[in-house]
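# Observations on chain architecture
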Amino acid sequence: MWTSVREPGATGDAQSDSLPSVPGTLPHFIQEPEDAYIVKSNPIKLRCRAAPALQIFFKCNGEWVHQNEHTSKEYKDLTTGLKVREVMINVSRQQVEDFHGPEDYWCLCVAWSHLGTSKSRKATVRIAYLRKNFEQDPQGKEVPIKGMIVLHCRPPEGVPVAEVEWLKNEELLSSLTDDNIDTRADHNLIINEARLSDSGNYTCLASNIVAKRRSATATVVVFVNGGWSLWTEWSSCNVPCGRGVQKRSRTCTNPAPLNGGAFCEGMSVQKITCNALCPIDGGWDEWSEWTVCSSQCERQRRRECNSPEPRHRGKMCEGNGDATDNCTDGLCTQNRKLLHDVKPQSMDGSNDVALYSGLGAGIIAVAILVVAVMLYRKNQSEYGVDVIDSSALTGGFQSFNFKTTRQGNPLLLNSSMQPDLTVGRTYSTPLCFQDTIDKELFDPLPDIKVKVQSSFMVSLGVAERAEFHAKAPPETFPRGLGRDCCSTVERRKKGPLTANGPFTSTKEQLRTTGMFGHPGGRLVVPNTGVSLLVPHGAVAEDLSWEMYMVINQGEASVQTEESCEILLGPEVTYGPPGLDLSSPVAMTIAHCAEVDAENWNIQLKRKTQDSKWEEVMSVEEESTSCYCLMDSTSCHLLLDQPGSYALVGEPLTQAAIKRLKLAVFGNMGTSSMDYSLRVYCVDDTPHAFQGVVATEKSRGGQLLEEPKMLPFRANTFSLQVSIQDVPQFLWSIKPFTTCQEFSFPQVWCSNQQPLHCAFSLERYSPATTQLSCKISVRQVKGHEQILQVYTAVAETEKESVPFFMQTDCTVTSQTGPKAFKIPLSIRQRICATFDTANAKGKDWQLLAQKLHLDRNLCYFAKQQSPSAVILSLWEARHQDTGDLDSLASALEEIGKIHSKSSPKSQDEPESDFSHIQPGSPASLSATGKLTNHETEDSAPEDTG
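The residue numbering used here restarts from 1 in each chain and proceeds along that chain's sequence as written. Only residues with pLDDT of 70 or above have their local features reported here, since the model is predicted, and side-chain atom pairs are shown and tallied only from 80 upward, although totals for entire chains, interfaces and linings are computed over all residues. Each side-chain value is worked out from all heavy atoms of the structure, with water and hydrogens disregarded.

With that settled, consider the pattern of salt bridges. Any two side chains of opposite charge can pair, so long as their charged atoms come close to each other. Salt bridges are identified by distance alone: a Lys or Arg side-chain nitrogen within 4 Å of an Asp or Glu carboxyl oxygen. Across all of its chains, the model carries 23 salt bridges by this definition. Here E74 and R85 are joined by a salt bridge, their closest N and O atoms 1.4 Å apart. Note that E74 is positioned in strand β7 (residues 71-76) and R85 in strand β8 (residues 83-91), a separation of 11 residues in sequence. A simple rule labels every residue: compare its accessible area, found with a 1.4 Å probe on the protein chains alone, to the largest value its type can have, and call it buried under 20%, exposed over 50%, or partly exposed in between. On the accessibility criterion, E74 (23% relative accessible area) is partly exposed. Take R85: its relative accessible area is 4%, and that puts it in the buried class. The partner of R214 in a salt bridge is E170, and the shortest N-O contact between them spans 3.0 Å. In this pair, R214 sits in strand β21 (residues 212-214) while E170 sits in the loop between β16 (163-168) and β17 (171-172), placing the two residues 44 residues apart along the sequence. Exposure remark for R214: the relative accessible area of 44% places this residue in the partly exposed category. Residue classification places E170 among the exposed residues on the basis of a relative accessible area of 52%. Helix numbers and strand numbers start at the N terminus; a helix is a DSSP run of H or I with at least 4 residues, a strand a run of E with at least 2.

Two strands form a pair only when DSSP identifies at least two bridges running between them. Ordered by their spatial adjacency, three strands build an open sheet running β14-β19-β18, and the pairing between neighbours is antiparallel. With partners counted over all chains shown, the strands left at the sheet margins are β14 (149-151) and β18 (181-183), one partner each. Direction aside, the axes of adjacent strands within the sheet are offset by 10 degrees on average. In this structure, β18 lies alongside strand β19 (residues 189-191), joined through three bridges in antiparallel fashion. Looking across to β19, one finds that T183 is bridged to L189. Note on geometry: axes are lines fitted to C-alpha atoms, helical ones only across the stretch in contact, with angles between N-to-C directions running from 0 to 180 degrees.

Within the element layout of this structure, S623 appears in the loop between β39 (613-618) and β40 (627-630). The class of S623 is buried, set by a relative accessible area of 13%. Here a polar contact is taken to be a pair of N or O atoms separated by no more than 3.5 Å, where protein atoms must pair a possible hydrogen donor with a possible acceptor and residues adjacent in sequence count only if both atoms sit in side chains. Looking at S623, its side chain comes within polar contact range of the side chain of S625, at 2.8 Å. Setting aside its immediate chain neighbours within four residues, S623 contacts M617, N856, C858 and Y859. In this description, contact between two residues means that some pair of their heavy atoms is separated by no more than 4.5 Å.

By the bridge criterion, six bridges tie β7 to β8 in an arrangement that is antiparallel. Counted as the bridge partner of K73 is E86 from β8. Taking the residues between adjacent antiparallel strands as the criterion, β7 and β8 are bridged by six residues, where G81 takes a positive phi near 80 degrees.

This paragraph deals with the nonpolar core. L677 and I775 are the most contacted members of the largest nonpolar core, which totals 70 residues. Once you skip the residues sitting within four places of it in the chain, L677 turns out to touch F665, G666, L704, I723, C757, A758, F759, L761, L771, C773 and I775. Counting 38 residues, the second-largest nonpolar core is a separate cluster that includes A586, L638, I830 and C831. As used here, the term nonpolar core means buried Ala, Val, Leu, Ile, Met, Phe, Trp, Tyr and Cys residues forming a set that is joined through side-chain atoms within 4.5 Å.

Let us look at the packing of aromatic side chains. What characterises a pair of aromatic rings is the spacing of the ring centres plus the angle enclosed by the ring planes. Two rings belonging to Phe, Tyr or Trp (six-membered ring only in the last case) form a pair when the distance between their centres is within 6.5 Å. Interplanar angles under 30 degrees mark stacking, angles over 60 mark edge-to-face geometry, and anything in between is tilted. Taken as a whole and assessed by the stated rule, the structure comprises 13 aromatic pairs. For the ring pair F712 and W748, a centre distance of 6.3 Å and an interplane angle of 35 degrees mean the geometry is tilted. Separated by 36 residues along the polypeptide, F712 in strand β46 (residues 708-713) and W748 in helix α6 (residues 744-748) bring together distant segments of the chain. As far as the burial class goes, F712 and W748 line up, both buried. Between F744 and W748, the ring centres sit 5.6 Å apart and the planes meet at 20 degrees, which makes this aromatic pair stacked. With F744 and W748 both in helix α6 and four residues apart, this pair spans about one turn of that helix. An aromatic cluster is defined as three or more aromatic residues linked by ring pairs; in this entry it consists of W600, F712, F744 and W748. Comment: the charge-over-ring label is applied if NZ (Lys) or CZ (Arg) is within 6 Å of the ring centre and within 35 degrees of the ring normal. Taking the ring centre of W228 as reference, the NZ or CZ of R250 above it sits at 4.1 Å. The aromatic ring of W287 is capped on one face by R301, whose charged end is 4.3 Å from the ring centroid.

The strand order across the open sheet formed by four strands is β49-β47-β51-β52, and the pairing between neighbours is antiparallel. Of all the strands in the sheet, the pair left with one neighbour each is β49 (739-742) and β52 (784-792). With strand direction ignored, the average angle separating the axes of adjacent strands in the sheet is 15 degrees. In terms of strand pairing, strand β47 (residues 719-724) meets strand β51 (residues 770-779) through six bridges, oriented antiparallel. If you follow S722 over to β51, its bridge partner there is S776.

A separate point is unusual backbone geometry. Cis geometry is adopted by the peptide bond preceding P52, which originates at A51 and carries an omega value of -15 degrees. Cis rather than trans, the peptide bond between G575 and P576 has omega equal to 15 degrees. Relative to the helices and strands, P576 resides in the loop between β36 (572-575) and β37 (585-590). In this structure, N259 takes a positive phi of about 55 degrees despite not being glycine. Mapping N259 onto the fold places it in the loop between β23 (242-249) and β24 (269-276). Under the relative-accessibility criterion, N259 is labelled partly exposed at 24%. Of note, T716 is a non-glycine position whose phi angle comes to about 70 degrees, a positive value. Looking at where T716 falls in the secondary structure, it is placed in the loop between β46 and β47. Taking relative accessible area as the criterion, T716 reaches 14% and is therefore assigned buried.

Think of an α-helix as turning once every 3.6 residues; residues three or four places apart then point the same way. Considered for burial, the residues of helix α7 (residues 824-834) that qualify are I826, R827, I830, C831, T833 and F834. Projected down its long axis, α7 shows its buried positions confined to an angular sector of 165 degrees, all on one face. It is the directions from the helix axis to the C-beta atoms whose arc is reported.

Let us look at the confidence of the model for the protein chain. Looking at the protein chain as a whole, its pLDDT mean stands at 76, while 72% of the residues score no less than 70. When the criterion is pLDDT under 50, residues 904-944 qualifies, and its contacts beyond four places in sequence or with other chains add up to 79 contacts. The predictor attaches a confidence to each residue, called pLDDT, with possible values from 0 through 100.

So, about the state of the cysteines. The rule for a disulfide is simple: a pair of cysteine sulfur atoms within 2.5 Å. Inspection of every chain in the model, using the stated rule, returns eight disulfides. Residue pairing for C153: its cysteine sulfur links by disulfide to C204, the two sulfurs lying 2.0 Å apart. Looking down the S-S bond of the C153 and C204 bridge, the torsion is -80 degrees, so its handedness is left-handed. A residue pair is termed long-range when its members are at least 10 positions apart, and C153 in the loop between β14 and β15 (158-159) and C204 in strand β20 (residues 200-207) qualify at 51 residues. In terms of burial, C153 and C204 fall into one category: buried. Covalently, C252 is tied to C264 through a disulfide, its sulfur atoms 2.0 Å apart. Handedness of the C252-C264 disulfide follows from its S-S torsion of about 80 degrees: it is right-handed. Here C252 is found in the loop between β23 and β24, whereas its partner C264 is found in the loop between β23 and β24, with 12 residues between them in sequence.

It is worth spelling out the environment of A538 at this point. With respect to the element layout, A538 can be found in the loop between β33 (530-534) and β34 (545-551). The class of A538 is buried, set by a relative accessible area of 2%. Measuring from C-alpha to C-alpha, the distance between A538 and L581 comes to 5.1 Å, with 43 residues separating the pair along the chain.

Listed below in structure tokens is the structure:
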């Protein structure tokens, strides 16, 4: 029971004698006061116990504590029998705060016995607290596997000193259970050898009796640099005969790059040429001499299958190697008599039968020949002329160069002339910046909807078209193809073919320029499928460049005689030569190939200073010098060096296809009774077709049918153009031009230069005001297209409803934000998010994968900002549509993947892209904001 005690010298000492004591002994402290901390406003209690003791009093900061503030009790120790006195006092926060001494607030006990006094140790009383901010937060790191990780942490100031623990992904780390982890006394965390499992979010946790504090989270990413696997074995030659290709590959999986690790450097695919031995069929040698006639009236002879012997899976000789013949040369006997003496009448009879049989066979052969000649002439009379090679005629296919204007409408040679042509809708390339006015450039097709096969036409008895067959080259592909291509080039170097009309060759260049600064922009050659994108930030802030882009209008300089490479698009030059940019430009060039890696070897070439062409890369291989993305109709390039570039292709098999654009134009001839039809075959690129348009504009031609596409195969067979279903009693056609043929090398190696043929028709009467016919363009053993012609041929100008329209493209450059589809703020936030490696895999490689640009990743890895280069390539690829849905969908999908892989806690920020919905550009720019939430401790600083 606690009782009040008095100060020394007070009355009432008789109470102290109620318990026995040991005389002659100084007080001994059984419990001394201990250091204490005041938490918030809660007072602390100090205790003392001593035996034997008559009185115990506290002295704090050198002054006695008043008797009324003491609480004491006495009891007898059952073990020793001594009287034990225990005293307790309370110390409040206010008492400690009011003390201003040179040292901390302290208290001690003084105990009395009969022989004297004893003093206890000093106990300090301090106010406990823990500051809010860490003196040093741990910092995130990217560490290679097996590297050392050191995370520094200095906890907040506090009394008592805070103890430090480490959390990984909200779980406590202990060096006792993992020898690879060392938690030092200086509060730092050391991981001796980083493992993939060590990637995560690390937090330093400081705590004392007042509170706990969490540091900022440090993200540790343990990455793995990619390594090449072993090369596979070389594949078999991809052709059964002749020159082909062998491949071998390796993958970046030994190990695969993880967590933003570097991609493997070098190529993943190697190609070499191979020559598969062609089968050689066997051939018979000469017959041996007949043997002597045997007694059985027979003689034999032999021949060997060795001229040549069958090799390399070749066929054996057909027929027999042995021959037997009857003989009656007087040496043969039958029943011991000479054969010529036996039954001579039967021998004479057999000779007569052989004579008559021979005469009959001769007569039948002559009759068959006569019938064949008559059928052949009848068949040709239906066409009116034999099928011939028109390369020797003025009406055949011809190659020519064309001239274009540089001012005004790029589709017209003379902008002041009244438009009278049309361009097919097949080319709706918006590779230009549209003005606000759409102009009708050409005289439209007549809107007459009468069937060609009218009853009158049927009564004319127009014959069905015949089939034309060209003789195949004697050698097999691709050797014959290569020789044909080379011979065509040689002919062109000696001199161009005679043009069928006023076509002139010119070296004039198609050129466009623009001034570009730090905001970047876009440069376009109108109506050519060629453009150049300069990314934002590629030009330094204090600089500006006058950049240009030129299309070569002359003969293709990239063609070589040693190979069968052909030009798939225009030769394009951009500059100036000393251009210095911090990121690559994106160039788009239209091409005419049906892209297939098994059938084409497509390469990007660049012109050197000595005007020679060198290979930059193959589109199927990986390269760190440039990037090439092949779409169905365009090639998108990422380039660092200005210069002249060309896309060339070499067919690997006969299945390789080059697209041709077919168009038919017509106009009245010099005489009012004449009408001329001109059929053009040109590589299927906007640039090549615009040359045809400009040429026909100068001639006053009219487009008679919407242009069509013809797949032209590399099978070495020629191209035939024929006119069919011409009313024979209304129109006559110029002799020897009904069917015209163009050799395979001239079509295949046209290299963006137009080819054309002409049909000259004459009407019998001025009353004939309409022309209806069909133009058949077909490749032998290949595809065919039909161009339907139905037009009025009146001399007066026609007034008809517009059918073909073409947007007038005159703006060639744009700078600043209006030149890009992605708003600058969104672009910067995307780059800031994906350029930083993330332990959860949300980096630029995932962005490239979702945008279907995950090939040749080693090129992006070399860039300062891989995400910015990926977005520039996306801009170039989608410049026609301007649709941001695909980008928004990709970002939304990344956000969903991120949210699934790491479920959000209450204080975890929302995924950056999970709330972006596909929609209009406005919705992307309005809602696609990247947010960076910080979780703040809302409680005020707790000082205890």
